[in-house]
Amino acid sequence: MVRPGGRIYEQREAVAKELQKIDGLSFVKNSSAFYIFPRLDAKKFRITDDKKFAEDLLNATDILLVPGSGFDWQQPDHFRIVMLPEADMLTDAVKRMGAFLDGYRQS
C-alpha cells in the first residue's frame, strides 16, 4: 500500500503534488503516515488564528481540516490533512484549497 501503485502511496503523491503548487505553503513529505502537516506562511496570509483559518476554509470550500492547535502546536501556521480519501478527491480538495489561499488574508 505504501509503494508505487499502492493506495496510500498514490494518495500521498496526489496531496504532495498539489501542495507544491500552492505559494505560501511548505511541508515535509512523509513516508508512512496517513496525514501530512503543512506549514502556512503566516505573514503572507496574515494568519493569527489557525482555528479561524480552518473555519474560513470550511465555509468557503466545504473542506474540513484540523488546525495545528488541535495537536498542541503553538504557532497558528500549521494544519493537518488526513490522506485517507481517494487520490482524485484529495487532488480536487487541495486544488480548491489553493484557489482559496490565492488572495486569502485573514481579517
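Please read all numbers here as calculations on a predicted model, not as lab measurements.

## Focus on unusual backbone geometry
Here D62, not a glycine, exhibits a phi torsion of approximately 65°, which is positive. As for its position among the elements, D62 is in the loop between α3 (50–61) and β4 (66–67). Phi at D72 is positive, roughly 70°, even though this residue is not glycine. Take D72: it is sitting in the loop between β4 and β5 (79–82).

## A closer look at a nonpolar patch on the surface
Taken together, F34, Y35, V82 and L84 make up a surface patch of nonpolar side chains, about 350 Å² in accessible area. Mapped onto the secondary structure, F34 falls in the loop between β1 (25–26) and β2 (35–36).

## Quick look at the environment of D88
By the secondary structure assignment, D88 is in helix α4 (residues 87–101). Taking the relative accessible area as the measure of exposure, D88 reaches 59% and is therefore exposed.

## Observations regarding the environment of F37
Following the sequence through the fold, F37 ends up in the loop between β2 and β3 (39–40). Once the C-alpha coordinates of F37 and V82 are considered, the two residues, 45 residues apart in sequence, prove to be 8.9 Å apart. In this view, F37 contacts G68, F71, W73, H78, F79 and R80; residues no more than four positions away in its chain are not counted.

## Structural notes on the nonpolar core
Grouped together as the largest cluster of nonpolar side chains are 23 residues, with contacts concentrated most on L19, L40, F53, F79, M97 and L101. Listed by contribution, the elements that provide at least two residues to this core are α1 (7–19), α3, β5 and α4.

## Things to note about the sheet that holds β2
The antiparallel open sheet is built from three strands, whose spatial order is β2-β5-β4. Looking at which strands have only one partner, the edges of the open sheet turn out to be β2 and β4. As defined by bridge partners, β2 adjoins β5 across two bridges and the pair is classed as antiparallel. Following the sheet pairing, Y35 is matched in β5 by V82.

## Brief notes about the pattern of salt bridges
In the structure shown here, the tally under the stated rule is eight salt bridges. E86 is the salt-bridge partner of R7, the closest N and O atoms lying 3.5 Å from each other. Here E86 lies in the loop between β5 and α4 and R7 lies in helix α1, a separation of 79 residues in the sequence. Between D56 and K52 there is a salt bridge, and its shortest N-O distance comes to 3.0 Å. Highlighted residues: D56 and K52, both in helix α3, separated by four residues, approximately one helical turn. Taking the relative accessible area as the measure of exposure, D56 reaches 17% and is therefore buried. Bridged by salt links that share partners, the residues R12, E13 and K29 form one connected network.

Each value, and the rule that gives it
Residues numbered from 1 in each chain as written. Predicted model: local features only at pLDDT ≥ 70, side-chain atom pairs only at ≥ 80, totals over all residues. Heavy atoms only, no water. Helix = DSSP H or I, 4+ residues; strand = E, 2+ residues; numbered from the N terminus. Patch = residues over 30% accessible without salt bridge, like charges linked within 9 Å, V, L, I, M, F, W, Y side chains within 5 Å. Areas by Shrake-Rupley, 256 points an atom, 1.4 Å probe, with all protein chains shown as cover. Salt bridge = Lys/Arg side-chain N within 4 Å of Asp/Glu carboxyl O. Buried < 20%, exposed > 50% of the residue type's maximum accessible area, 1.4 Å probe, protein only. Contact = heavy atoms within 4.5 Å. Core = buried A, V, L, I, M, F, W, Y, C linked by side-chain atoms within 4.5 Å. Pairing = 2+ DSSP bridges.

Spatial relationships are all this shows, so hold off on functional conclusions.
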